Amino acid sequence: MSDYSGSRFDSARRGAGVLLSGALSMLIIMGVLLGVMWILEGVDVVLNGSLDQYGIVGWDPDGLVGILLAPFLHGGFGHLMANSLPLLILGFLAGLRDVGKFLWASLMIVLIGGLGTWVTSPGVVTIGASGLVFGYFGFILARGLFDRSLLDFAIAIGVGVAYWGILAGLLPNQPGISWQGHLFGLIGGVVAAWVLRRKREITTSPY
């Protein structure tokens, strides 16, 4: 085996190891995240929905705390069930290659999505993880364009084909659906992909 072939084999093996490590980490992270959501919803049911008041309350300064809490709260188990599977799949794929960037992206999605919802939903209480779902969707698609990685591009195409239907959630005036949370979550994901994109080194040659 030539040195070149051996180097390519070692590189592929390291890449596979990184992906496997990322996959295991993301399964744990998403499992814990969803576990917390389900436990909180169980508590909320016992308390007759009293936790829902801690969601994002538009234009209310006290409601700003809901920006961090709203993704963990849901309006019943049906609402939570509708969010759980896409959140698990899209979150897993968003963090598969780089768990650290996933955590930063999640924070940006929550803050941008939550603040945008607070500004555009006066007097409305918004809860649910759908903003994260749309954020991870936007992050995965935009990362495929910005990073120019074959793996990221392939994941982006697969996610776009499988989940393009969720874009209907961006349409306004749907009873019981926060299109603002969906829209600004999506924007947060795209912004996160741009901020966290791989910086390409600029090589210069002497005159």
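Right above here is the structure, for reference.
Quantities reported herein were computed from a predicted structural model and do not represent experimental measurements. (Residues numbered from 1 in each chain as written. Predicted model: local features only at pLDDT ≥ 70, side-chain atom pairs only at ≥ 80, totals over all residues. Heavy atoms only, no water.)

I'd like a rundown of the pattern of salt bridges, residues and numbers included.
Applying the stated criterion across every chain yields a total of three salt bridges. Residue Arg97 pairs with Asp147 through a salt bridge whose shortest N-O separation is 2.8 Å. On the criterion of sequence distance, the pair formed by Arg97 in the loop between helix H3 (77-95) and helix H4 (99-120) and Asp147 in the loop between helix H5 (130-146) and helix H6 (150-163) is long-range, its members being 50 residues apart. Judged by relative accessible area, Arg97 falls into the partly exposed class, the value being 23%. Asp152 is the salt-bridge partner of Arg97, the closest N and O atoms lying 2.6 Å from each other. Taken as a pair, Arg97 in the loop between H3 and H4 and Asp152 in helix H6 lie far apart in primary sequence, 55 residues in all. (Salt bridge = Lys/Arg side-chain N within 4 Å of Asp/Glu carboxyl O. Helix = DSSP H or I, 4+ residues; strand = E, 2+ residues; numbered from the N terminus. Buried < 20%, exposed > 50% of the residue type's maximum accessible area, 1.4 Å probe, protein only.)

Any chance you could break down the packing of aromatic side chains for me, citing the residues and the numbers?
Tallied over the entire structure, the rule returns three aromatic pairs. Taking 5.3 Å as the distance between ring centres and 80° as the angle between the ring planes, the aromatic pair formed by Phe146 and Trp194 counts as edge-to-face. Separated by 48 residues along the polypeptide, Phe146 in helix H5 and Trp194 in helix H7 (residues 179-195) bring together distant segments of the chain. Of the residues examined, Phe146 reaches a relative accessible area of 27% and is grouped as partly exposed. In this structure Trp194 comes out as partly exposed when scored by relative accessible area, which is 45%. (Phe/Tyr/Trp six-rings, centres within 6.5 Å; stacked < 30°, edge-to-face > 60°.)

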